[in-house]
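This is what each chain is made of:
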Amino acid sequence: MMPLGQMLVMIALMGAITWGLRALPFFFKDWLNAHPLVDYIKTRFPLLMMLILVVYASEAYKTQHWADIQTAVWCMGLTAVLQFFFRNALLSLFAGVALYVVMVNG
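The text that follows walks through the structure, step by step, so that each part is easy to find.

1. Some remarks on the packing of helix H4 (residues 66–86) against helix H5 (residues 89–105)
Packed helices, taken two at a time, are described by their axes: the angle between them and the distance between them.
Item 1. Taken N-terminus to C-terminus, the directions of H4 and H5 make an angle of 160°; their axes are 8 Å apart at the nearest point. Of the possible angle classes, the one that applies to H4 and H5 is roughly antiparallel. As H4 runs across H5, the sense of the crossing is right-handed. Residues Thr71, Ala72, Trp74, Cys75, Leu78, Thr79, Leu82, Gln83 and Phe86 of H4 lie in contact with H5, whose contacting residues are Ala89, Leu91, Ser92, Leu93, Ala95, Gly96, Leu99, Tyr100, Met103 and Val104.
Item 2. Looking at the contact of H4 with H5 residue by residue, the classes come out as 14 nonpolar, five polar and no charged.

2. What to know about the side chain of serine 92
Item 1. Relative to the elements of secondary structure, serine 92 occurs in helix H5.
Item 2. Ignoring any residue separated from it by four or fewer positions in sequence, one finds serine 92 in contact with Thr79, Leu82 and Gln83.

3. Digging into helix H3 (residues 36–58)
Item 1. Between its terminal C-alpha atoms H3 stretches 33 Å, which fits the 33 Å expected from 23 residues at 1.5 Å a residue.
Item 2. The principal kink in H3, of about 45°, is found at arginine 44, preceding the proline proline 46 by one to four residues.
Item 3. Glutamate 59, located one to two residues past H3, shows a positive phi value of around 55°.

4. A look at helix H1 (residues 4–27)
Item 1. Taking 1.5 Å of rise per residue, the 24 residues of H1 would be expected to cover 34 Å, and the 34 Å separating its terminal C-alpha atoms lies within 8% of that figure.
Item 2. Bending of H1 peaks at approximately 30° at the position of leucine 21, with proline proline 25 no more than four residues after it.

5. Details of a nonpolar patch on the surface
Item 1. Together, Met2, Leu4, Met7, Leu8, Met10, Ile11 and Met14 make up an exposed nonpolar region whose accessible area comes to about 670 Å².
Item 2. Within the fold, methionine 14 resides in helix H1.

6. Notes on unusual backbone geometry
Item 1. Even without a glycine there, the phi angle at arginine 87 is positive, about 55°.
Item 2. Looking at where arginine 87 falls in the secondary structure, it is placed in the loop between H4 and H5.

7. Regarding the packing of aromatic side chains
Item 1. Counting across every chain of the model gives one aromatic pair.
Item 2. Each ring, one from phenylalanine 84 and one from phenylalanine 85, has its centre 5.2 Å from the other, and the planes form 80°; the classification is edge-to-face.
Item 3. On the basis of relative accessibility, which here comes to 53%, the residue phenylalanine 84 falls in the exposed class.
Item 4. Looking at phenylalanine 85, the relative accessible area reads 62%, which means it is exposed.

8. Here's the deal with the side chain of threonine 79
Item 1. Along the chain, the position of threonine 79 falls in helix H4.
Item 2. Its relative accessible area of 18% is what places threonine 79 among the buried residues.
Item 3. Engagement of the side chain of threonine 79 in a polar contact is seen with the backbone oxygen of cysteine 75, the distance being 2.9 Å.
Item 4. Sequence-distant contacts of threonine 79, defined by excluding residues within four places in its chain, comprise Ser92, Leu93 and Gly96.

So, how was this worked out
Think of each chain on its own: its residues are numbered from 1, step by step along the sequence as written. Under the rules for a predicted model, residues below a pLDDT of 70 receive no local features and side-chain atom pairs below 80 are neither given nor counted, while totals for whole chains, interfaces and linings still include all residues. Working from all heavy atoms in the structure, the side-chain values ignore hydrogens and water. The axes used here are C-alpha line fits, helices contributing only the stretch in contact, and every angle between their N-to-C directions lies in the interval 0 to 180 degrees. A run of H or I in DSSP becomes a helix once it reaches four residues, and a run of E becomes a strand once it reaches two; helices and strands are each numbered from the N terminus. Roughly parallel covers angles under 35 degrees, roughly antiparallel covers those over 145, roughly perpendicular covers 65 to 115, and oblique covers all other angles. What makes a crossing left-handed is the near helix being turned counterclockwise from the far one by less than a right angle; a clockwise turn instead makes it right-handed. We call two residues in contact when some of their heavy atoms are within 4.5 Å. In the scheme used here, Gly and all other residues not listed as nonpolar or charged are polar, with Ala, Val, Leu, Ile, Met, Phe, Trp, Tyr, Cys and Pro taken as nonpolar and Asp, Glu, Lys and Arg as charged. The span expected for a helix works out to 1.5 Å for each residue beyond the first. Here the bend at each residue means the angle between axes fitted to two seven-residue stretches, the one ending at that residue and the one beginning there. Within this analysis, patches are made of residues with over 30% relative accessible area and no salt bridge. Like charges are joined at 9 Å or less; nonpolar side chains (Val, Leu, Ile, Met, Phe, Trp, Tyr) at 5 Å or less. Surface accessibility in these figures is a Shrake-Rupley result with a 1.4 Å probe; residues are shielded only by whichever protein chains are displayed. Any carboxyl oxygen of Asp or Glu within 4 Å of a side-chain nitrogen of Lys or Arg constitutes a salt bridge here. Two rings from Phe, Tyr or Trp (for Trp, the six-membered ring) form a pair when their centres are within 6.5 Å of each other. A pair whose planes differ by under 30 degrees is stacked, one over 60 is edge-to-face, and the rest are tilted. Only protein chains enter the calculation, and the probe is 1.4 Å; a residue is then buried if its accessible area is under 20% of its type maximum, exposed if over 50%, and partly exposed in between. Polar contact criterion, stated in full: a pair of N or O atoms within 3.5 Å, where within protein one must be able to donate a hydrogen and the other to accept it, and residues adjacent in sequence count only if both atoms are side-chain atoms.

Shown next, in the form of structure tokens:
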């Protein structure tokens, strides 16, 4: 069993590191907002995260045959096309999900 003093030092150290990592970006806020890499990530990251989530949720990376993912790919394509033309995420997602439900249950 660890002595009480050593546990308290470890807890204090973990708290200081956690606070420091969370507070550090606020000290460099102006510099980060002006940096071109941060601006690039800020504009591209939401789309990249959605792409990663879609690929993971569709399990396209596990399949061996086109027939296993054909429905999901068609629905993702519809969602992408609607988003490209209308720029309305609610419309795109609703239409893609609706088509998926119809294709899976039909």
